[in-house]
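Structure at a glance
Read off the chains here:
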Amino acid sequence: MRKNIPAFALITTILVLWQIIAILLDAPYILPSPTQIAAKLWELRETLFLVQLPATMGVTFMGLGISVAFGLGLAVAMDCSEKLANALYPVIVASQTIPTTAIAPLFVLWFGYSIWSKVLVTVLMTFFPITIAVFDGLKSTSREMEELLITYGASKKDIFFKLKVPQSLPHFFSAIKMAVPLSIIGAAIAEWLGAQSGLGYFSKRMMTQLDGAGVFAPIVLLSAVAMLIVAIINIIEKKLLGWRKEI
Amino acid sequence: MLEFKNVTFKYDEDETDMLENLSFDVNEGEFISIIGRSGCGKSTVFRLINGLLTPQKGEILFDGQNIKSMRNYSAYMPQKDLLFPWRTIEKNISLAMEIQKKSKAEIKKQAEEMLKEVGLWEYKDKYPKDLSGGMRQRASFARTLLSGSSLFLLDEPFSALDSLTKISLQEWLLTEWEKHKKTVLFITHDVEEAIFLSEKIYVVSDFPITHFEEFKIPLPYPRKREDMKRSDIVELKEMLIKNLRQEAVL
Ligand SMILES: Nc1ncnc2c1ncn2[C@@H]1O[C@H](COP(=O)(O)OP(=O)(O)OP(=O)(O)O)[C@@H](O)[C@H]1O
Ligand SMILES: [Mg+2]
């Protein structure tokens, strides 16, 4: 707790400064003050929490689910087949440099305003980082431990479940923690580009109405939700990975 | 029990053979140490015995049968303890039994007995990170014992330990050996350790390895530290060290 005090102090300072600047600037359509945003959150609570947030979370989790499922599958396949890994790994790494946000409009063009264009954007943003992290995890297994298992007569399946899975679990967790914010960003961007619901869409609509606090409120909400999800994953990780050396 | 017959082995990457026409045998219940300078191929011999490597020529027999068709005849304890950090001590030592698909109840029973025997009962639910180096080696040894094999291959198990822990583990190992009547092949760099522990010492003296020079240790079991001061033992030790030194120069 004590070590968090400086961070709290910093955040409070920033909020206070923001509040002062916003009051001095007095242009809420450009820079609404934190209290105005909070008031807006409260005012719009029903649509924000009950309509727009569920819509965005639906896209986020659908995209994340697909990325995790296919990312794990591909990573395992690449771990089994060296040929496949040699063919795909460089391509996947190179694909990381493509600015996904820039090609997102294409998906809206192809798939229209349906949920799939948005899911596709989140998948595109999270699939490859997850695949690479899990693959690296599977490859990081200690050769000596593997040999030890072989001398005990272990099958490929034993090696996979008793060695590779537990050893790559930390990699998997860091991949997920990185992917959660990415998939939320992906969903919001896709909604911004074209959608009929969701926090991204809502924020854009407020923009057209020059409602500064209304633009900020959904974004603040998204950030808070992302932090909450990562915090929950952290707790699960601590539970599952208690065997790790404390640093 | 274990027999090398004209075994020749070469790593793919290397130009020259590592082992050339090497023959030796190990009898049931023996405690044999292998010493030789670093990089001379001692661990390679172990990897051939446990089947991780296959010889280009010759054959390796276990109880008269070629090891190619066998599994689980030897138990290998590596230099690093290689305990799985995500498994508790109890789960770690159960590893080989799990792979052999023994029943849960059987595994638990054997693991618990073993934990008591090696003095790690209180640590059974702890993770390896919570144990000292000596305890980890004992856990690693317990895991090796529970593999059920009768031939033990111990590759410098104590070399990473401080000297006091090392001494007590050496004595502990001898009592375990006398109790379980296993056959032990023990790699070490430490001549004194080799003399204190083993009935016979195989010295690797040439490259590629074509034979082992064999030395018998004229000490009965159970052994005591004081025995190491006997003049014939001291002489043997000096001779072995000189022997190894000469090779190092070459
Ligand atoms: N997988 C491998 N491929 C090629 N060469 C290898 C391989 N493993 C070991 N070697 C080489 O074979 C030689 C013998 O290695 P080995 O590990 O058997 O030596 P060692 O006697 O156990 O040494 P140490 O006492 O340092 O453990 C070394 O020179 C090493 O570089
Ligand atoms: Mg070695």
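Residues numbered from 1 in each chain as written. Chains lettered and ligands numbered in written order. Predicted model: local features only at pLDDT ≥ 70, side-chain atom pairs only at ≥ 80, totals over all residues. Heavy atoms only, no water.

**Digging into the confidence of the model for chain A**
The cut-off we apply is this: Note: pLDDT gives the predictor's confidence per residue, expressed from 0 to 100. Each helix is a run of DSSP H or I of at least 4 residues and each strand a run of E of at least 2, with the numbering of both proceeding from the N terminus.
On average, residues of chain A carry a pLDDT of 89, and 99% of them reach 70 or more. Confidence scores differ between elements of chain A, with helix H5 (residues 100-111) of chain A showing the lowest mean pLDDT of 81 and helix H3 (residues 45-80) of chain A the highest of 93.

**Side note on the sheet that holds strand E8 (residues 183-187) of chain B**
Residues and elements named next belong to chain B. Counted only if it meets this: Strand pairing is assigned whenever DSSP identifies at least 2 bridges connecting the two strands. Axis definition: a line fit to C-alpha positions, over the contact stretch in the case of helices; interaxial angles, taken between N-to-C directions, run 0 to 180 degrees. Note on contacts: a residue pair qualifies if any of its non-hydrogen atoms lie within 4.5 Å across the two residues.
Spatially, E6-E7-E8-E3-E9-E10 is the arrangement adopted by the six strands of the open sheet, whose pairing is mixed. Each edge of the open sheet carries a strand with a single partner, namely strand E6 (74-77) and strand E10 (212-216). Pairwise comparison of adjacent strand axes, ignoring direction, gives a mean angle of 20 degrees for this sheet. Strand contacts of helix H5 (residues 133-145): E6 and strand E7 (151-155), with the helix running at about 165 degrees to E6, the strand carrying the most contacts. On the sheet, helix H6 (residues 163-180) packs against strand E3 (31-35), E7 and E8 and is oriented at approximately 135 degrees with respect to E3.

**Observations regarding the site of ligand 1**
All names here are of chain B. Heads up, the condition is: For each residue, the test is whether any non-hydrogen atom lies within 4 Å of the molecule or strand; if one does, the residue is near. Polar contacts, as used here, are pairs of N or O atoms within 3.5 Å; protein pairs need one atom able to donate a hydrogen and one able to accept it. Residues neighboring in sequence count only if both atoms are side-chain atoms. Throughout, the Shrake-Rupley method with a 1.4 Å probe supplies accessible areas, and for residues the shown protein chains are the sole cover considered. Polar here means any residue outside two lists: the nonpolar Ala, Val, Leu, Ile, Met, Phe, Trp, Tyr, Cys and Pro, and the charged Asp, Glu, Lys and Arg; Gly therefore counts as polar.
All residues adjacent to ligand 1 are Tyr 11, Glu 13, Met 18, Ser 38, Gly 39, Cys 40, Gly 41, Lys 42, Ser 43, Thr 44, Glu 156 and His 189. Backbone polar atom of Gly 41 to an oxygen atom of ligand 1: 2.9 Å apart, as the coordinates give it. Ser 43 places a side-chain nitrogen or oxygen 2.6 Å from an oxygen atom of ligand 1. Within the complex, 62% of the 630 Å² of free accessible area of ligand 1 lies under protein. When grouped by side-chain class, the residues that make up the shell around ligand 1 number three nonpolar, six polar and three charged.

**Considerations on the environment of Glu 82 of chain A**
Topologically, Glu 82 of chain A is positioned in helix H4 (residues 82-95). For the pair Glu 82 of chain A and Ile 185 of chain A, spaced 103 residues apart in sequence, the C-alpha separation works out to 33 Å.

**What about unusual backbone geometry?**
As a rule of thumb, non-glycine residues mostly have phi less than zero, and peptide bonds are mostly trans rather than cis. All names here are of chain B. At the junction of Phe 207 and Pro 208, the peptide bond is cis and its omega measures out at -10 degrees in the coordinates. One can find Pro 208 in the loop between strand E9 (200-204) and E10. For the peptide bond that leads from Tyr 221 to Pro 222, omega is -5 degrees, which places it in the cis range. Structurally, the position occupied by Pro 222 is in the loop between E10 and helix H8 (231-249). Backbone geometry at Glu 156 places phi at a positive 45 degrees, although glycine is not the residue there. One can find Glu 156 in the loop between E7 and H6. Non-glycine residue Lys 181 carries a positive phi angle of around 55 degrees.

**Some details on the interface of chain A and chain B**
To keep it simple, the criterion reads: Salt-bridge detection follows one rule: a side-chain nitrogen of Lys or Arg within 4 Å of a carboxyl oxygen of Asp or Glu.
Taken together, the contact between chain A and chain B spans 20 residues of the former and 25 residues of the latter. Put simply, chain A and chain B have four salt bridges between them. Measuring nitrogen to oxygen at the nearest pair gives 3.9 Å for the salt bridge that ties Asp 158 of chain A to Lys 101 of chain B. Summed over the shared surface of chain A and chain B, the number is four residue pairs in polar contact (both at pLDDT 80 or more).

**Digging into the packing of H3 of chain A against helix H8 (residues 156-193) of chain A**
A packed helix pair is summarised by two numbers, namely the angle formed by the two axes and the spacing between the axes. Residues and elements named next belong to chain A. Heads up, the condition is: Handedness of a crossing follows from how the near helix is turned relative to the far one, being left-handed for an anticlockwise turn of less than a right angle and right-handed for a clockwise one.
The contact between H3 and H8 brings their axes to 9 Å, and the two run at 145 degrees. Between H3 and H8 lies a crossing of right-handed hand. Listed contacts from H8 to Ala 55, Thr 56, Met 57, Val 59, Thr 60, Leu 64, Val 68, Leu 72, Val 76 and Asp 79 of H3 are Phe 160, Lys 164, Phe 172, Ile 176, Ala 179, Val 180, Ser 183, Ile 184, Ala 187 and Glu 191.

**Section: the packing of aromatic side chains**
Here is the rule we go by: Pairing of aromatic rings covers Phe, Tyr and Trp, the last through its six-membered ring, and needs centres within 6.5 Å; plane angles under 30 degrees mean stacked, over 60 mean edge-to-face, and all others mean tilted. Burial here depends on accessible area, computed with a 1.4 Å probe over protein chains only, as a share of the maximum for the residue type. Under 20% is buried, over 50% is exposed, and the range in between is partly exposed. Working rule: Lys NZ or Arg CZ, within 6 Å of ring centre, within 35 degrees of ring normal, means a charge sits over the ring.
For the structure on display, the rule yields 20 aromatic pairs over all chains. Here Tyr 89 of chain A and Phe 135 of chain A contribute two aromatic rings whose centre-to-centre distance is 5.2 Å and whose plane-to-plane angle is 45 degrees, an arrangement assigned as tilted. You can see Tyr 89 of chain A sitting in helix H4 and its partner Phe 135 of chain A sitting in helix H6 (residues 115-139), a full 46 residues away along the chain. On the basis of relative accessibility, which here comes to 26%, the residue Tyr 89 of chain A falls in the partly exposed class. Look at Phe 135 of chain A and you get buried, because its relative accessible area is 7%. On the numbers, 5.3 Å between centres and 45 degrees between planes, the contact of Phe 62 of chain B with Tyr 73 of chain B is tilted. Placement of the pair is Phe 62 of chain B in strand E4 (residues 57-62) and Tyr 73 of chain B in the loop between strand E5 (65-66) and E6, with a sequence separation of 11 residues. For Phe 62 of chain B, a relative accessible area of 5% corresponds to the buried category. On the accessibility criterion, Tyr 73 of chain B (6% relative accessible area) is buried. In textbook terms, an aromatic cluster arises when at least three aromatic residues are bridged by ring pairs, as seen for Phe 31, Phe 158, Trp 177, Phe 186 and Tyr 221 of chain B. It is Arg 45 of chain A that lies over the ring of Trp 42 of chain A; its NZ or CZ is 4.1 Å from the centre. Directly above the aromatic system of Trp 121 of chain B lies the positively charged group of Lys 116 of chain B, at a separation of 4.7 Å from the ring centroid.

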